[in-house]
Structure formats: C-alpha cells, structure tokens
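An overview of the molecular structure
Residues per chain are reported as follows:
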Amino acid sequence: MTAQTTHYVTEMNSPIGTLTIVATDKGVCHIHFGELVKCMASLKAWLKKQGRKGEVLHCDETLKPICQQLEEYFSGKRRKFDVALDLCGTEFQKKVWNTLSEIDYGETKSYKEIAQSIGAPKAVRAIGGANNQNPIPIIIPCHRVIGSNGNMVGYGGGLDKKELLLSLEGAIEKIS
C-alpha cells in the first residue's frame, strides 16, 4: 500500500511562461509548464501513474525557496540548483536524470554522449525517452541535451522554451 503524501503546489511566472511547481516534504517532484488550473488534470494523472496518493495543497510559502532559486536562475544569478528532489522513476531514468544534472550551465551534451557516459552506448533512444519523462525540467537540465549532429531537438515544453533556456545560459551560440 502506498503511503499518503501531501503534495504542495504553487505557480510562478517566468520568462518561459507560468510554471506549476509541486513538492513533497522530501523535495521537488514535478514542474509543469502552464498554469495550475490548466494542468491540474495532467498533474493528478501523473501522480496516479507514479503511485502517489494524498492531498494536493496550494501552498506558496512552502515552495518559496524553490521559486526563489528559479527566479535567480532566470535572472542569471544562479547556475546550479540546491534544492532537495523527490524523484519518482525507474532506476534507468534516475541514472539518466542524475547524469543530466552533471551537465554544466551553458554546456550541452548529445543523447549519444549521455548514453556513453552511463555505459549504455546503444541506449540513445532510451536516453531520449528518459529525457522526455523528466518530471523536473530546468532543475534537472534536460534542455541541455541536443542531437548528435549538434541540432536542437525535442523538448517537453516546446523548442521555443528550450531555445530560450539555452540562450539564457549562453549555450545557443554553440548549437548549429
């Protein structure tokens, strides 16, 4: 039986649009592109898929430190996040997400490079799948992953958001 967990949720405005941020007492577990009212159904579906049960409470105060770090990132004052995470995924996904977290601000890596770095050189498509399932974009910087040809490819929030994030970090000039 899955334990009941309170999920705290808030919204924040950002240069890439409204972000809905979800956390538990353990840490950030989900960032959704869009307003809470528009993403509540998909948020509930995600919680159910992850086997997470419990209340969803709107609580700006609890999530204030997370929002502050995101604001610092968007204003160019923060390059690394220092928030607890409450990751939910397969061991493979978590391995990929941890590897993504090691990509430095302003740098990019290809799906192939990620696959090689985790010792699974033929798992390029699986890396793409894990990247696509990343529940905490921006903090786990899946936007820093590009195609092997150097082109910007795929992003759950849309390529326009990926381009803006990479531009903010000064990495867009390095992409063909």
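Residues numbered from 1 in each chain as written. Predicted model: local features only at pLDDT ≥ 70, side-chain atom pairs only at ≥ 80, totals over all residues. Heavy atoms only, no water.

1. Describing helix 5 (residues 124-132)
- Where helix 5 is concerned, the buried positions are Ile127, Ala130 and Asn131. Down the axis of helix 5, the sector holding all buried residues measures 100°, keeping them to one side. Every exposed residue of helix 5 that faces more than 90 degrees away from the buried side is listed here: Arg125 and Asn132.
- Lining the buried residues of helix 5 we find helix 3 (91-100), helix 4 (111-117) and strand 6 (145-146). (Buried < 20%, exposed > 50% of the residue type's maximum accessible area, 1.4 Å probe, protein only. Helix = DSSP H or I, 4+ residues; strand = E, 2+ residues; numbered from the N terminus. Arc of directions from axis to C-beta. Contact = heavy atoms within 4.5 Å.)

2. What about the nonpolar core?
- Residues Leu70, Phe74, Leu100 and Ile138 are the most contacted members of the largest nonpolar core, which totals 35 residues.
- Residue contributions to this core peak at six residues, all from helix 2 (residues 60-74).
- Those residues in contact with Ile138 that lie beyond four places of it in its chain are Ile16, Leu19, Phe33, Leu70, Tyr73, Phe74, Phe81, His143, Tyr155 and Leu165. (Core = buried A, V, L, I, M, F, W, Y, C linked by side-chain atoms within 4.5 Å.)

3. Observations concerning the UniProt feature "active site" (unreviewed entry) in the protein
- The sites that UniProt annotates as "active site" (unreviewed entry) are Cys142.
- On the basis of relative accessibility, which here comes to 6%, the residue Cys142 falls in the buried class. (UniProt positions renumbered as here; feature names shortened; annotations may be inferred.)

4. Observations regarding the pairing of strand 2 (residues 19-23)
- With five of its five residues buried, strand 2 lies for the most part within the structure.
- Every second residue of strand 2 is oriented toward a common face, with Leu19, Ile21 and Ala23 on one face and Thr20 and Val22 on the other, all of them buried.
- Sheet topology note: the strand 1 (residues 7-12)/strand 2 ladder contains five bridges and is antiparallel. Note that in strand 2 the partner of Tyr8 across the bridge is Ala23.
- Taken together, strand 1 and the strand that follows it, strand 2, pair antiparallel across an intervening segment of six residues, in which Gly17 is found at a positive phi of about 110°.
- Taken together, the five bridges between strand 2 and strand 3 (residues 28-33) define a ladder with antiparallel strand orientation. Bridged to Thr20 within strand 3 is His32.
- With antiparallel pairing between neighbouring strands as the criterion, strand 2 and strand 3 make up a hairpin whose turn holds four residues, including Gly27 at a positive phi of roughly 155°. (Pairing = 2+ DSSP bridges.)

5. Some words on unusual backbone geometry
- Of note in this structure, Ile138 is not a glycine but carries a positive phi near 80°.
- You can see Ile138 is positioned in the loop between helix 5 and strand 6.
- Here Ile138 falls in the buried class, since its relative accessible area comes to 0%.

6. Brief notes about the sheet that holds strand 1
- Spatially, four strands are ordered 3-2-1-4 in an open sheet, and the strand pairing comes out mixed. Looking at the sheet topology across the chains shown, the edges are occupied by strand 3 and strand 4 (56-58). The average undirected angle you get between the axes of adjacent strands in this sheet is 25°. (Axes fitted to C-alpha atoms, helices over the stretch in contact; angles between N-to-C directions.)

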